[in-house]
Amino acid sequence: MAVEEMTLGVARLRTLLANIYLVGAPGGPWALVDTGTPGNAARIRGAAERRFGRDARPSAILLTHGHRDHAGSARELAEYWDVNIYAHRLERPFLTGKSAYPPKDPMAGGAFSFLSRFFPSSTVDLGERLRDLPEGGEAPGLAGWRWHFTPGHAPGHVCFFQRDERVLLAGDACVTMDLDSAMGIVAQEPRISRPPAPFTYDWDQAQQSVELLAGLRPMAIGAGHGEPMFGPAVAAGLADLARDFPRPRGRYASDPARADETGVVFVPPPADDPAPKIAVAAGLAAVALGAVMALSRRDKERPIPRLRES
């Protein structure tokens, strides 16, 4: 897993599904922001050793939110390094096994929503390593960085911002690729886009969070998904997204789920999903076609009876 320099003091590790960030200059204190899916701990440790030295360990592990592709390796790393994991207090029920996130919505529209049918929805349990982010906005272990509350994609989603250099680690409050088209997923052309649609439960909050990020006017952005972006295009892209925020179809289009410190307290009914019906119909058609072909082969192989001679 290559360590790619994003900006001075920020390096990115790219995994198959999500980005991970090592924040801090070599030789000094550093922190890990997000940890990818389960199974990435050894790769992350190796990348950290190459960047910070063999025995280096972070001051803290910080999570933008608790979805499995961002928090999956957090507990294993925290126990190996003997450090704490910090997340917003509203993420606690989802990171301690007390609640599941609102159900994913494959009917939200776009290619990624269709693919989400095949993604797991399980959460992770971080146990006693989990700590709440401190009130006031200071990011533990990240001198000069602050966290900003950006819900919508997850109840306790946060972003991390370095004001002096105007560097934003956006998590999934927005992404820097087009997840709504198959070509966008394949090409990964840098573009500031809405959060991953099938896993976003409150679109009013999601838009307000993008508006907050646009007000920060960052000059560099590293999101959970997509390539980092730099320069005036970052602030302009966030402003455009906030102004023309694309709304989804599906379950949460007009009625959001709701959550509090205990977890999810309300979920609207699901939108009708024709895919299972189509799959069943296609399966029945395949079975019927197979039966017809089998009967046809049997008839061809059966000898033609001869007429009895009189």
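Any chance you could break down the overall build of the protein chain for me, citing the residues and the numbers?
When helices and strands are tallied, the protein chain shows 9 helices and 14 strands. The contacts in the protein chain between residues at least 6 apart in sequence include a share of 66% that link residues at least 24 apart. For the protein chain, the exposed area adds up to about 15400 Å²; of that, 55% sits on carbon and sulfur atoms.

Lay out the packing of aromatic side chains with the relevant residues and their values.
The geometry of an aromatic ring pair is captured by the separation of the ring centres together with the interplanar angle, meaning the angle of the planes. Throughout the structure, instances matching the rule amount to 8 aromatic pairs. Centre to centre, the rings of Phe-94 and Tyr-101 are 4.3 Å apart; their planes meet at 15 degrees, and the pair counts as stacked. Through pairs of rings, three or more aromatic residues link up here, namely Trp-30, Phe-52, Tyr-80 and Trp-81.

Lay out the sheet that holds strand 9 (residues 158-162) in plain terms, naming residues and giving numbers.
Taken in spatial order, the 5 strands of this open sheet run 8-9-10-11-12, and their pairing is mixed. The open sheet has two free edges, formed respectively by strand 8 (145-149) and strand 12 (229-230), since each of these has just one partner strand. Bridge analysis of strand 11 (residues 220-223) against strand 12 gives 2 bridges, and the strand direction is antiparallel. Residue pairing in the sheet places Ile-221 in a bridge with Met-229 of strand 12. Contacting strand 8, strand 9 and strand 10 (167-171), helix 7 (residues 203-216) runs over the sheet at an angle of about 150 degrees to strand 8.

Tell me about the sheet that holds strand 1 (residues 3-7), residues and numbers included.
On the basis of which strands lie adjacent, the open sheet formed by 7 strands has the order 1-2-3-4-5-6-7 and mixed pairing. The open sheet is flanked by strand 1 and strand 7 (130-132), the only strands paired with a single partner.

Got a sec to walk through the pairing of strand 11? Specific residues and values, please.
Of the two faces of strand 11, the one holding Ala-220 and Gly-222 and the one holding Ile-221 and Ala-223 are both buried throughout. Pairing analysis gives 4 bridges linking strand 10 to strand 11, with the strands arranged parallel. In the strand pairing of strand 11, Leu-169 is matched with Gly-222.

Mind laying out helix 1 (residues 41-52), listing which residues take part and the relevant values?
When the terminal C-alpha atoms of helix 1 are compared, their 16 Å separation across 12 residues agrees well with the 16 Å that a helix rising 1.5 Å per residue should span. Along helix 1, the residues classified as buried are Ala-41, Ile-44, Gly-46, Ala-47, Ala-48, Arg-51 and Phe-52. Structurally, helix 1 contributes buried residues whose contacts are with strand 1, strand 2 (10-14), strand 3 (19-23), strand 4 (31-33) and helix 3 (74-81). Of the residues trailing helix 1, Gly-53 is marked for its positive phi of about 115 degrees.

Before we move on, could you go through the pattern of salt bridges and cite the residues and values that matter?
Counted under the stated rule, the structure contains 14 salt bridges. Notably, a salt bridge pairs Arg-89 with Glu-135, separated by 4.0 Å at the nearest N-O pair. With Arg-89 in the loop between strand 6 (85-87) and helix 4 (92-95) and Glu-135 in the loop between strand 7 and strand 8, the pair connects residues that are 46 residues apart, well separated along the chain. The class for Arg-89 is partly exposed, based on a relative accessible area of 35%. Among the salt bridges present, the one from Arg-92 reaches Asp-132, with a minimum N-O distance of 3.1 Å. On the criterion of sequence distance, the pair formed by Arg-92 in helix 4 and Asp-132 in strand 7 is long-range, its members being 40 residues apart. For Asp-132, a relative accessible area of 36% corresponds to the partly exposed category. Linked through salt bridges whose partners overlap, the residues forming this network are Glu-4, Arg-12, Arg-14 and Glu-227.

Can you explain the environment of Gly-215? Please cite residues and give values.
The residue Gly-215 is located in helix 7 in this model. Take Gly-215: its relative accessible area is 59%, and that puts it in the exposed class. Distance in space between the C-alpha atoms of Gly-215 and Ala-235 is 8.3 Å, their sequence separation being 20 residues.

Give me the lowdown on the packing of helix 1 against helix 3, citing residues and values where you can.
Put simply, helix 1 and helix 3 touch, their axes get as near as 9 Å, and they point 50 degrees apart. Here helix 1 is positioned oblique relative to helix 3, judged by the angle of their axes. You can see that helix 1 and helix 3 cross each other, and the crossing is right-handed. On helix 3, the residues that touch Ala-41, Ile-44, Arg-45, Ala-48 and Glu-49 of helix 1 are Glu-76, Leu-77, Tyr-80 and Trp-81.

Describe the confidence of the model for the protein chain, listing the residues and the values that go with them.
Looking at the protein chain as a whole, its pLDDT mean stands at 90, while 88% of the residues score no less than 70. Here residues 277-289 is modelled with pLDDT under 50, and outside its nearest four sequence neighbours on either side it reaches 1 contact, counting other chains as well. pLDDT under 50 marks residues 291-296. Its contacts with residues more than four places away, or in other chains, come to 0 contacts.

Rules behind the numbers
- Residues numbered from 1 in each chain as written.
- Predicted model: local features only at pLDDT ≥ 70, side-chain atom pairs only at ≥ 80, totals over all residues.
- Heavy atoms only, no water.
- Helix = DSSP H or I, 4+ residues; strand = E, 2+ residues; numbered from the N terminus.
- Contact = heavy atoms within 4.5 Å.
- Areas by Shrake-Rupley, 256 points an atom, 1.4 Å probe, with all protein chains shown as cover.
- Phe/Tyr/Trp six-rings, centres within 6.5 Å; stacked < 30°, edge-to-face > 60°.
- Pairing = 2+ DSSP bridges.
- Axes fitted to C-alpha atoms, helices over the stretch in contact; angles between N-to-C directions.
- Buried < 20%, exposed > 50% of the residue type's maximum accessible area, 1.4 Å probe, protein only.
- Expected span 1.5 Å × (residues − 1).
- Salt bridge = Lys/Arg side-chain N within 4 Å of Asp/Glu carboxyl O.
- Parallel < 35°, antiparallel > 145°, perpendicular 65-115°, else oblique.
- Left-handed = near helix turned anticlockwise from the far one by under 90°.
- pLDDT = per-residue confidence, 0-100.

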